[in-house]
Amino acid sequence: MTADRQRTARALLKTHGQTYAAEAGITLRDTPQPLYQLLVLACLLSARIRASVAVAAARELFEAGMKDARSMRDATWQQRVDALGRGSYRRYDERTSTQLGDGAQLLLDEYHGDLRRLRDEAGGDVDRLRELLQKVPGLGPAGADIFLREVQAVWPDLVPCIDGKAVQGAERLGLPKDPKALARLVPAEDTAAFAAALVRAALEKSVVEDVAEETS
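These numbers come from a predicted model, not from an experiment. (Residues numbered from 1 in each chain as written. Predicted model: local features only at pLDDT ≥ 70, side-chain atom pairs only at ≥ 80, totals over all residues. Heavy atoms only, no water.)

A. Region of the structure containing the side chain of H16. Topologically, H16 is positioned in helix α1 (residues 2–16). By relative accessible area, which is 18% here, H16 ends up buried. Side chain to side chain, H16 and D210 meet in a polar contact 2.7 Å long. When near neighbours in sequence (up to four residues on either side) are disregarded, H16 contacts A197, R200, V207 and D210. (Helix = DSSP H or I, 4+ residues; strand = E, 2+ residues; numbered from the N terminus. Buried < 20%, exposed > 50% of the residue type's maximum accessible area, 1.4 Å probe, protein only. Polar contact = N/O pair within 3.5 Å; in protein donor to acceptor, adjacent residues only side chain to side chain. Contact = heavy atoms within 4.5 Å.)

Below, the structure written as structure tokens:
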């Protein structure tokens, strides 16, 4: 049974093992700019909108120069709306533009735009870290989970961070529902990509079909 599960996990990584950060063009490192970009992506992904649209909108914001908290804060409300619109993020563009501006200001005021300071304030307590993240406008529980799920790639002390949506994907694939048991199926450095792939399995039936074809 364990061998079957490991084969399924390897097939999932092979076919869909890309983090959402990578899909959005973020080269994730433990430095302020990419960490901020991941936070923006998490905010966009947490809305009731297709993940591909959120990724496209994040790319547009970054390509328009809004790559860190200061540049996001200094951009006009309309510039943010326009970038979101180019990414087809139109249903929530006006509210999200306001939230991104307010969130950037909060990060500058509280942490000098550096999310590592927020992590340090949490003192290694994941629940506290999740609580602090949710003070960012537009980032609720789902968004905080998305951020933590992805950032574990560069904050390895968070491993394993496999949230409820990823567990839903695991169920669809016949994998265990316990996050620690899931994490044991892949190398620690692949946990973030594995968790993202599990989320895709929860969201798209075709992912489950791809894995079945790969393991047949």
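Anyway, onward from the coordinates.
B. Structural detail: the packing of aromatic side chains. What the rule picks out here adds up to two aromatic pairs. Centre to centre, the rings of Y89 and Y92 are 6.2 Å apart; their planes meet at 55°, and the pair counts as tilted. No difference in accessibility class separates Y89 from Y92, as the two residues are buried. Note on F147 and W155: the rings are 5.9 Å apart at their centroids and 75° apart in plane angle, and the pair reads as edge-to-face. Judged on exposure class, the residue F147 and its partner W155 are both buried. Directly above the aromatic system of Y20 lies the positively charged group of R200, at a separation of 4.2 Å from the ring centroid. (Phe/Tyr/Trp six-rings, centres within 6.5 Å; stacked < 30°, edge-to-face > 60°. Lys NZ or Arg CZ within 6 Å of the ring centre and 35° of its normal.)

C. Spotlight on the packing of helix α3 (residues 32–45) against helix α7 (residues 93–111). The interhelical angle for the contact between α3 and α7, taken along N-to-C directions, is 145°, at an axis separation of 11 Å. Between α3 and α7 the crossing geometry is right-handed. Across from Y36, L39, V40 and L44 in α3, the residues of α7 making contact are T96, L100, A104 and L107. For the contact of α3 with α7, a count of residues per class yields seven nonpolar, one polar and no charged. (Axes fitted to C-alpha atoms, helices over the stretch in contact; angles between N-to-C directions. Left-handed = near helix turned anticlockwise from the far one by under 90°. Nonpolar A, V, L, I, M, F, W, Y, C, P; charged D, E, K, R; others polar.)

D. Inspection of the pattern of salt bridges at higher detail. Counted under the stated rule, the structure contains 13 salt bridges. The shortest N-O distance in the salt bridge between D163 and R149 comes to 2.9 Å. Of the two residues, D163 sits in the loop between α10 (141–151) and α11 (164–172) while R149 sits in helix α10, which places them 14 residues apart along the sequence. The exposure classification of D163 matches that of R149, with both residues buried. (Salt bridge = Lys/Arg side-chain N within 4 Å of Asp/Glu carboxyl O.)

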